[in-house]
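# Close look at the chain arrangement
Chain by chain, the residues run as shown.
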Amino acid sequence: MRGADVHGSGNGGEAGATAGTGVDHEFLALERELAVFLRRARANSGEMAREVHPDLEAAAYGLLVRLESAGRQRATDLAAYFGVGKATMSRQLQALEGLGLVARETDPADGRASLVHLTDDGLARFRSVRDARRGRYARKLAGWDRGEVAELARLLHHLNERAEE
């Protein structure tokens, strides 16, 4: 269906540049779909954060994801990973500590630094919410061919790799 007008924009679905903008219809369609996807993802992050803990900010949910996948991390490494300042990361980590979701321990490689990790309670809460989310994805995509799911994952991975360049 290359070039098909799946969004009802009334432009006939012709492939090629949109008059006056120099942007291909395919890229405009991608932009629209990504905008919808990102809006929904932000809303879902907020919901998942509240499921982990009612006082957890949506932005902090990503920290839990990172700590669960990468393990113990220095705050400076987390700040670099997320592209935020040390002060911002410090505030977010203090909030997570206050909720009992993360803790710090002395870095054995450098006694002056500390490593942040999920507490047992934080890990259990996070995994419960993550597993429920995975179940929702599986139900939403149940009618898809496995090859389509794999292709979508491959394309999103490719897009994410390009975003880091």
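As the structure is a computational prediction, the values presented were derived from the model and not from experiment.

## So, helix α5 (residues 120–140)
- If you check α5, its first and last C-alpha atoms are 30 Å apart, about what 21 residues at 1.5 Å a residue would give, namely 30 Å.
- Of all the residues in α5, the buried ones are Gly122, Phe126, Val129, Arg130 and Arg133. Projected down its long axis, α5 shows its buried positions confined to an angular sector of 100 degrees, all on one face. Among the exposed residues of α5, those pointing more than 90 degrees away from its buried face are Asp120 and Arg139.
- For α5, the elements touching its buried residues are α1 (25–52), α2 (58–70) and β3 (110–118).

## Focus on the pairing of strand β2 (residues 102–107)
- Both β2 and β3 contribute to a ladder of 6 bridges, which runs antiparallel. Its bridge partner lying in β3, Asp107 is registered against Asp110.

## Let's talk about the packing of aromatic side chains
- For the structure shown, the criterion picks out 2 aromatic pairs.
- Where Tyr61 meets Phe126, the ring centres are 5.6 Å apart and the plane angle is 40 degrees; that geometry is what we call tilted. With a gap of 65 residues between them, Tyr61 in helix α2 and Phe126 in helix α5 connect regions that are remote in the sequence. Side by side, Tyr61 and Phe126 carry an identical accessibility label, which is buried.
- Ring plane angle 90 degrees and centroid distance 5.0 Å describe the contact between Tyr81 and Phe82, whose orientation is recorded as edge-to-face.
- The exposure class assigned to Phe82 is partly exposed, which follows from its relative accessible area of 33%.
- For Arg66, the ring lying beneath its charged end belongs to Tyr81, and the centroid distance is 3.8 Å.

Cut-offs applied
Here the residue numbering is sequential within each chain, running from 1 through the sequence in written order. Owing to the predicted nature of the model, reporting of local features is limited to residues with pLDDT of at least 70; listing and counting of side-chain atom pairs is limited to 80 or more, with chain, interface and lining totals taken over all residues. For the side-chain quantities, the full set of heavy atoms in the structure was used; hydrogens and water were omitted. Segments assigned H or I by DSSP are reported as helices when at least four residues long, segments assigned E as strands when at least two residues long, and all are numbered from the N terminus. Helices are assigned an expected span. That span is 1.5 Å times one less than the residue count. Think of it in three bands: with a 1.4 Å probe and only protein chains considered, a residue is buried below 20% of the maximum accessible area for its type, exposed above 50%, and partly exposed in between. An arc is given here, and it is the one of the directions from the helix axis to the C-beta atoms. Note on contacts: a residue pair qualifies if any of its non-hydrogen atoms lie within 4.5 Å across the two residues. By definition, two strands form a pair when at least two bridges between them are found by DSSP. Two rings belonging to Phe, Tyr or Trp (six-membered ring only in the last case) form a pair when the distance between their centres is within 6.5 Å. Interplanar angles under 30 degrees mark stacking, angles over 60 mark edge-to-face geometry, and anything in between is tilted. A ring is considered to have a charge above it if a Lys NZ or an Arg CZ atom is located within 6 Å of its centre and within 35 degrees of its normal.

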